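Descriptive structure summary
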Amino acid sequence: MHNFLPYAWFDGQCIPFNEAKISIATHALHYGTAAFGGMRAIPNPVNKEQFLLFRTDRHIKRLCQSAKLLLTDINEEYIYDSLVKVIKKNKPKNPIYIRPFIYTSDLGIAPRLHNIETNFFIYCIELGDYLSPDGVNCRMSSWTRQEDRSLPLRGKISGAYITSSLAKTEASLSGFDEALLLNSQGKVSEASGMNLFIVRNNQLITPGVDQDILEGITRASIIELAQNMGIKVIERPVDKTELLISDEVFLSGTAAKITPVKKIESTNLSTERPIMNKLRNKLIEITEGRSKDYDGWITKIKLT
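The structure reproduced in this document is the subject of the present report.

Calculation criteria
The numbers attached to residues start from 1 for each chain and follow its sequence in the written order. At least 70 in pLDDT is required for a residue's local features to be given in this predicted model, at least 80 for side-chain atom pairs to be given and counted, and no such filter applies to totals for whole chains, interfaces and linings, which use all residues. The basis for every side-chain value is the complete set of heavy atoms in the structure, and neither hydrogens nor water enter the calculation. Comment: elements are numbered from the N terminus, with helices defined as DSSP H or I runs of at least four residues and strands as E runs of at least two. Buried residues are those whose accessible area, probed at 1.4 Å on protein chains only, stays under 20% of the maximum for their type, while exposed residues exceed 50% and partly exposed ones sit between those limits. We call two residues contacting when some pair of their heavy atoms lies within 4.5 Å. The criterion is simple. A nonpolar core is a set of buried Ala, Val, Leu, Ile, Met, Phe, Trp, Tyr and Cys residues joined through side-chain atoms within 4.5 Å. Two strands make a pair as long as DSSP finds a minimum of two bridges between them. One speaks of a salt bridge when a side-chain nitrogen belonging to Lys or Arg is within 4 Å of a carboxyl oxygen belonging to Asp or Glu.

**Remarks on the environment of I264**
- By secondary structure assignment, the location of I264 is in strand β15 (residues 257–264).
- Judged by relative accessible area, which is 1%, I264 ranks as buried.
- In sequence terms I264 and R139 are 125 residues apart; their C-alpha atoms lie 5.5 Å from each other.
- Filtering out sequence-adjacent residues up to four positions away, I264 remains in contact with C138, M140, L180, L243, L244 and L269.

**Here we look at the nonpolar core**
- Grouped together as the largest cluster of nonpolar side chains are 24 residues, with contacts concentrated most on L53, I87, I98 and F120.
- For this core, the secondary-structure elements that each account for two or more residues are β4 (39–44), β5 (47–54), α2 (56–69), α3 (76–90), β6 (96–104) and β7 (118–126).
- Among the elements that make up this core, the one with the highest residue count is α3 (five residues).
- Core analysis: the next-biggest nonpolar cluster, separate from the first, contains 21 residues, F54, F197, L279 and I286 among them.

**Quick look at the pairing of β6**
- The buried fraction of β6 amounts to nine of the nine residues, a majority that puts the element mostly inside the structure.
- Side chains I96, I98, P100, I102 and T104 of β6 all project onto a buried face; the interleaved residues Y97, R99, F101 and Y103 project onto the opposite face, where all are buried too.
- In this structure, strand β3 (residues 34–36) lies alongside β6, joined through three bridges in antiparallel fashion. Within the sheet, the bridge partner assigned to A34 lies in β6 and is Y103.
- Across three bridges, the pairing between β4 and β6 is antiparallel. In the strand pairing of β6, A41 is matched with I96.
- The pairing of β6 with β7 spans nine bridges and is antiparallel. The residue bridging P100 from the neighbouring strand is I122, located in β7.

**A short note on the pattern of salt bridges**
- Per the counting criterion, the structure on display carries 14 salt bridges.
- One salt bridge in this structure joins R145 and E190, with 3.3 Å as the shortest N-O distance. Taken together, the positions of R145 in the loop between β8 (136–144) and α4 (161–173) and E190 in strand β10 (residues 188–191) put the pair 45 residues apart, joining distant regions of the chain.
- With a shortest N-O distance of 2.9 Å, E288 and R290 are connected by a salt bridge.
- Among the charged side chains, a network of salt bridges with common partners joins R200, R236 and E242.

Structure follows, in structure tokens:
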């Protein structure tokens, strides 16, 4: 059961969610020629008439960059204004996930990105924990993460998520919660929709941007937090076997937040996660607007 908020942003205005419709001939539906974002927002714990958005500027900037990869432009201020209007219109009471979406709205049949109409919408859904905060069991996917030379992986391009969908379903149907994908070089890339971190010898390690990962905003935030805490951060290739002997393994993403990995295939991992817990607690403090040092990461929207 999906608890969609009653209003969406569609064709430049807030309209009832159930009235936001597209044609079955929409170009993006057939060819995956779209880009999307994902943002979390929560009620301010000390002011229920205010909603807190995490790293709004970074999310909007990445969405604009993703659109650019599809040869279209959208104004950052327009996205922000639309976002504020749809949140104020809905007046949510619970934590939500926000999905802004730029897509080719043309009804033509030619697979192309030139001389084509584009459009933009936003909808919101109530969302608690996407993955269990207690941890997940993962398997190595039989599917390989795409290469940047075949898809623009620096953007959240909708067509790229067929691999994520295949990997997630394969994992679920074989008794696991989540999938980990290797890249074409046989190195660990990411999960179906999350970045990956490991801890070894008190060092935080994560696959670099040269490993065909999405440039995750939560990932970048964790790296900055760790560095500010005096934790050494290394971005480098990671082997599958290294996961199995790591001191800690966890996933990160807007929906997943910070989620520990309990088991990879038949190998149980340590339940002691001091570095992950330190980072997760700090991230929660920031997203709830309780950290003055990172107040600039939070956008406050008054609902009234």
